[in-house]
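Here's the letter readout for the chains.
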Amino acid sequence: MTTLSIPVPSRPVHPTGVWGWITTIDHKRIGILYGVTAFIMFITGGLEALYMRAQLARPDQELVSPEVFNQLFTMHATTMIFLAIMPMGAAFFNYIIPLQIGARDVAFPRLNAFSYWTFLGGALILKLSWFFGGAPNAGWFGYAPITGIQYNPGHGIDFWAMSLQVLGIASLAAAFNFIVTIINMRAPGMSLMRMPLFTWMTLITSFLLVLAFPVITVALIELMFDRFFGMNFFVPAKGANPLLWQHLFWIFGHPEVYILILPAMGIVSEIIPTFSKKPLFGYPVVVLSGAVIGFMGWMVWSHHMFTVGLGPVANSVFALTTMAIAVPTGVKIFNWMGTMWGGSISFKTPMLFALGFIWLFIIGGLSGVMHSSAASDAQQQDTYFVVAHIHYVLFGGSIMALLAGTYYWFPKVTGRMMNETLGKINFWLVFISMNITFFPMHFIGLDGMPRRIYRYSSEYGWDFWNLVASIGAFALAFAILVFMINVIRSAMKGEKASADPWDGRTLEWSIPSPTPEYNFAQIPTVRGIDPFWAQKRERVPVAPVAGGSGEDDAHSIHLPQPSYWPFLASIGLFIGAYGLVYYQSIVGMTAGILGLALTIVSVYAWSFEPVNDPEEEH
Amino acid sequence: MNSSRRRSTRLWAALLPILAIPLLAACYPDNPQSTFDAVGPVAKSQLNLFYWIFWAAVFVFVVVGGILMWITLRFRRKPGDPDPAQTHGNTPLEIGWTIAPALVLVVIAVPTVLTIFDNLNSPDPDALTIDVVGHQWWFEFRYPHPDGNGDAVVTANELHIPVGEVVNVNLDSKDVLHSFWIPKLAGKVDLVPGNENFMWIQADEPGEYLGQCAEFCGEAHALMKFRVVAESRSEFDAWLTAEAAPAQDPVDPLAQQGKALFEGGKAQCWSCHTVAGSSKSRGQTGPDLTHVWNRGHIAAGVIENNQRNLRQWIEDPQSIKQGTIMFRDAKIYSDPERKLTDADVAALVAYLQTLK
Amino acid sequence: MAQAAATQHGEHEETTTGLNHRKLLMWAFLGSDCMFFGSLIATYVVYQGKSKVGPFPEDVFSIPVTSVSTFVLLMSSMSMVLAYAALTRGKMKAFRIWILSTAIMGMTFIGFQVFEFRDFANYEVHIDCAHLDVEKLTEFEKTFADQCADGVEEFEEQHGLTPRTNLFGTTFFTLTGFHGAHVTLGVIWLLSIAFHSFRGGVRPETNLDVDLAALYWHFVDVVWIVIFTVVYLFGVFPGI
């Protein structure tokens, strides 16, 4: 069928072992790769946090130098946001979305593999900076001009910027993929307003990603041009305004906050109906409020800049838009409560985490409303009060929901249940130690402790609550250890899971656990929201088809074939970006050019590679 | 639903608002940077606004949390429960709980906007105006000369203001971003190079108030502090007149030796520091030292100003403030041939002690 | 692009919306690219008139020259439309002619840009002191007007505009440079389609490949119209 004479090396057919994982384009395996990698990154970010809490446990300690402390908080935040929470979300998108919409894979399976490997490359560029060249030290927000070559001559900022660029490519590729998948690959009958909430929130998140990431890409390009070529974007001496960076960063950064929290809200919106045995209360309103949050997320960015001197009019406008965003957020919480009202609530571990999410998110939301009041925020901006707030929404919000999701979908992924007793212990440990760690930060913030200081002296009266927070942080680390033990133990010898262990409502529970390679032996037809619940209760005879091996069915299903081009393209990006950090040396420049050349060749070859080899077709 | 469960629910509802009291008690107004001990109109308006929003938040938390708690207790699954009714929504209810939070927000939005304008518009634009300039890692303060000759009286890290009067503050930075914050007097405003910002402060009671840089600014960010000394108008005028005077030439031989070192020789302090009255010391990189011995603290408010600390600061600034530019740039720390002897340091300290 | 084989599947795929996956992907990408150029243009606008030293836009821009290259790019969009129309009607020869002419016009545009960049980098202040009329000089030239005092006939001095010179240079070269990179990529794409059409790789049934390239090409063209208006026209006629 092809007349092209490009010499395409023979393609992996049914690789196994490590090679199988490297060349895989199966959304489920990629989801697992995302999840495991993100969790490892979460651990490294946690260790960075523990190091800081150890330093701050007592006044005037000298465990770390100020320089290392600055690197620690920069790496902690960058890691948690870009390498842990976002890819954990991506893990769930990958694994769950095709199952929820009744598809056999995503729209562009090879692009999906490329997203993962590129993400891994970006993560490595950032994390390896600890060992080569020094970690970035200007905060995850990297406010100009401290990131300029004059104040920051080392390579840390270069690694940070390059890593974010590479991660941006990965996130954009994934977001394009999920937009197309969700819009175009829904099972027959699944109209937009019948999609599960998690799918909806993923779609909104993907749109936010597609529109927000180019902005940070431009900001980082400008920063790199300043650093590499002596341009003037952020050089005040040449007339530049350092606030340009803040505007660009937060126009990206605030939608980014919703990129982190909307998938979490989606997960919670799946778990609460399941464990209450009721459909989501006010489904259209919950969808709409998610969309409104995503839309309004673009109109509030300057609330991160209340103290930079934008003037009373701008501060008032952004204070009001920020307060307004509390309305759709509140509506979501009320609808979850409405879902539970009159329900039959079972307190299994996923539900406990989901409830924990609601409680902590209420606290984080209320402290967020406090920040929205620009005048009173002048006392809170850049203090530990803000640190408390972001951890209530990102740990209490996103991480709690991601843990809930892990407990919830673990049986579908592994075919085994997670241990319920350990799970309950896990929940209470996380919930209590999380509050011990982060609640006192409200107090020390209002008592005037700024963020990002590596030491404080006793006369300020911050000793006690800092010590409490540090103890809490170590307890929280222990709670996460319990989670790890539960995951590993349950994956190896957990109780075997049925196809539908929670009496679920959405399509992923209609297929066997663990998910067969082809997902659905027969693409289901959807007649309303919660299609699987309807099937079960109305005794519609569709049910999971291939219960056992499904081999016979699998034979007639065309699945996209593995490919190594996505992997090679990502390797090229990694080498290229790494080399460009050292563009001033011959070796660095050569590596940069060779790496990018490898990417271009791989993408070119990939575009010639058919989705399925003709010879392989039946 | 049995009565014991109902009682426990009521108990919870009663407990929740009580929980808010230790919440506030955990913050100590006695702490030197506590935002709960506001002594100026700006900080007071911000604190009042905070309390207003805080109690609104407590109200919302109690109501929402109480209902949430009640739901989770009331509707927990009991063995043999049938499937609950599959209700999909209730439009009037949903409209209601969209409007309710909007109303709460209006209650906090109005005072917010009023306070924003009050805090950023000076009530007295003709009052004393001080320029604050941020440096890595110290604050420069510039007063108009009491003679009204247009010159500036320059000092560092210790801001004197007349008590009970409006003081206008212009904010700028020489290098990176900083933020000017005296929690007891006013919320912070950032120092952005090239963008002059404005705020006003007023201290209602005489005293010393601690402040600190609140925007991350690099290695010694944690140790970029300053003090505000609020004193009576007459004390303030006397202080400003004294600050405006040039430094006297030292008479003590050791101090004279120190001056010679300061203005040349090995130390070359003059290239970064200004001493008004000296023909040579006109450096702009470091703090103005014309009346350094009058200040209570050195190294940007980190240590007390006394002979021993001055010695240590000159000998080994890294031990007091890691990352300090003086250690990075001054040759006495990097060039072994120019390393100061004990006698040199003693002479320099003696000279600095004459600068009052 | 050259996803001839993949297209075979692509075009017969059943999708929920009926819209092809790759076409949807292209639209999502263009939305993203809008934000990319939007941020670059915003940066340019924010820094307009903030440069501390010259040369400034009115010193270096030549509206007639850039109007010609803008016209060429606009025409290339038209020939792209004709190429696609020819392909869908199966007129392969016409298709090849139009797609090649689109690529050639794209290359012409790039040529103009290279010429323009070099010209700016070698900008010289030239003041005819013999017939000095200060009113007619630009702001930047006025700063050199006093050089004429000693009875010099004319004054010439090189003041090249580079990305480092001032904020104008920084933002101008970055914005137009990224646009030029987009055009270059588009030219490579078009040439690659043309190349495959000679080997029979492009057929009326696989017009989606050309459709996607055309979408991209029109987008890049529209972006240029915005840049030409905001950067060039507003730069020289600030009154607009």
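Figured I'd write up the structure that's included with this text. (Residues numbered from 1 in each chain as written. Chains lettered and ligands numbered in written order. Predicted model: local features only at pLDDT ≥ 70, side-chain atom pairs only at ≥ 80, totals over all residues. Heavy atoms only, no water.)

### A closer look at the overall build of chain B
Thought 1: Of the regular secondary structure elements, chain B holds 10 helices and 12 strands.
Thought 2: Taken over C-alpha atoms, the radius of gyration comes to 28 Å for chain B, far larger than the 21 Å a tight globule of 356 residues would show.
Thought 3: Each of the three principal axes of chain B carries a C-alpha extent, and together these read 95 × 45 × 35 Å.
Thought 4: A burial count over chain B gives 53% of its 356 residues as buried.
Thought 5: Relative to all contacts within chain B whose residues are 6 or more apart in sequence, the contacts with residues 24 or more apart total 63%.
Thought 6: Taken together, the 29 basic and 39 acidic charged side chains of chain B have centroids lying 12 Å from each other. (Helix = DSSP H or I, 4+ residues; strand = E, 2+ residues; numbered from the N terminus. Rg over C-alpha atoms; globule rule 2.2 N^0.38 Å. Buried < 20%, exposed > 50% of the residue type's maximum accessible area, 1.4 Å probe, protein only. Contact = heavy atoms within 4.5 Å. Lys, Arg positive; Asp, Glu negative; His and termini not counted. Charge placed at Lys NZ, Arg CZ, Asp CG, Glu CD.)

### With respect to the interface of chain C and chain A
Thought 1: Taken together, the contacts link 43 residues of chain C with 43 residues of chain A.
Thought 2: Between chain C and chain A the total buried area reaches about 3700 Å² when both faces are included, carbon and sulfur atoms providing 67% of it.
Thought 3: Looking only at chain C, the three residues that lose the most surface to chain A are Thr16, His21 and Tyr47 of chain C, adding up to 15% of its buried area.
Thought 4: Applying the counting criterion to the chain C and chain A interface returns 17 residue pairs in polar contact (both at pLDDT 80 or more).
Thought 5: Among the secondary structure elements, those contributing two or more residues to the side of chain C that touches chain A are helix H1 (4-12), helix H2 (21-46) and helix H7 (167-198) of chain C.
Thought 6: When residues of the side of chain C that touches chain A are assigned to their parent elements, the largest contribution, 14 residues, is made by H2 of chain C.
Thought 7: By residue class, the composition of the side of chain C that touches chain A is 17 nonpolar, 21 polar and five charged. (Buried area = accessible area lost by both parts, 1.4 Å probe. Polar contact = N/O pair within 3.5 Å; in protein donor to acceptor, adjacent residues only side chain to side chain. Nonpolar A, V, L, I, M, F, W, Y, C, P; charged D, E, K, R; others polar.)

### Details of the sheet that holds strand E9 (residues 207-212) of chain B
Residue and element names in this part refer to chain B.
Thought 1: Here three strands make up an open sheet; going across it, the order is E4-E10-E9 and the pairing mixed. In this open sheet, the two strands that pair with only one neighbour each are strand E4 (158-162) and E9. Each adjacent strand pair in this sheet contributes to an overall mean axis angle of 25°, direction not counted.
Thought 2: For E9 and strand E10 (residues 225-231), the ladder comprises six bridges, and the chain directions are antiparallel. What sits directly across from Tyr209, in E10, is Val228. (Pairing = 2+ DSSP bridges. Axes fitted to C-alpha atoms, helices over the stretch in contact; angles between N-to-C directions.)

### A word on the packing of helix H2 (residues 41-74) of chain B against helix H3 (residues 91-120) of chain B
Residues and elements named next belong to chain B.
Thought 1: Packing of H2 against H3 brings their axes to within 10 Å, and their N-to-C directions diverge by 170°. In terms of axis orientation, H2 runs roughly antiparallel to H3. Touching Val42, Ser45, Gln46, Leu49, Trp52, Ile53, Ala56 and Val60 of H2 are Val104, Val107, Ile108, Pro111, Thr112, Thr115 and Asn119, all from H3.
Thought 2: Broken down by class, the residue content of the contact of H2 with H3 amounts to 10 nonpolar, five polar and no charged. (Parallel < 35°, antiparallel > 145°, perpendicular 65-115°, else oblique.)

### With respect to helix H14 (residues 420-446) of chain A
All names here are of chain A.
Thought 1: With 27 residues, H14 extends 39 Å between its outermost C-alpha atoms, agreeing within 8% with the 39 Å of an ideal straight helix rising 1.5 Å per residue.
Thought 2: Most pronounced at Ile436, the bend in H14 amounts to some 25°, and the proline Pro440 follows within four residues.
Thought 3: The backbone nitrogen of Thr421 has a side-chain oxygen 2.9 Å away, supplied by the residue at the start of H14, namely Asn419.
Thought 4: Following H14 by one or two positions, Gly448 has its phi on the positive side, about 95°. (Expected span 1.5 Å × (residues − 1). Bend = angle between axes of the 7 residues up to and from the residue.)

### Here's the deal with the nonpolar core
Thought 1: With 357 residues, the main nonpolar core has Phe82, Trp245 and Phe357 of chain A, Tyr143, Ile161 and Phe180 of chain B together with Phe95 of chain C as its most contacted residues.
Thought 2: Per element, the largest residue contribution to this core is 22 residues, and it comes from helix H3 (residues 66-101) of chain A.
Thought 3: With sequence-adjacent residues up to four places away left out, Phe357 of chain A is seen in contact with Ile261, Ala264, Met265, Val268, Trp336, Gly396, Gly397, Met400 and Ala401 of chain A.
Thought 4: One finds Ala267, Val292, Ile303 and Ala347 of chain B within the second-largest nonpolar core, a separate group that totals 25 residues. (Core = buried A, V, L, I, M, F, W, Y, C linked by side-chain atoms within 4.5 Å.)

### Observations regarding the pattern of salt bridges
Thought 1: The full count for this structure, using the stated rule, is 28 salt bridges over all chains.
Thought 2: Through salt bridges with shared partners, a single network forms among Lys277, Asp500, Asp503, Lys536 and Arg537 of chain A together with Asp83 of chain B. (Salt bridge = Lys/Arg side-chain N within 4 Å of Asp/Glu carboxyl O.)

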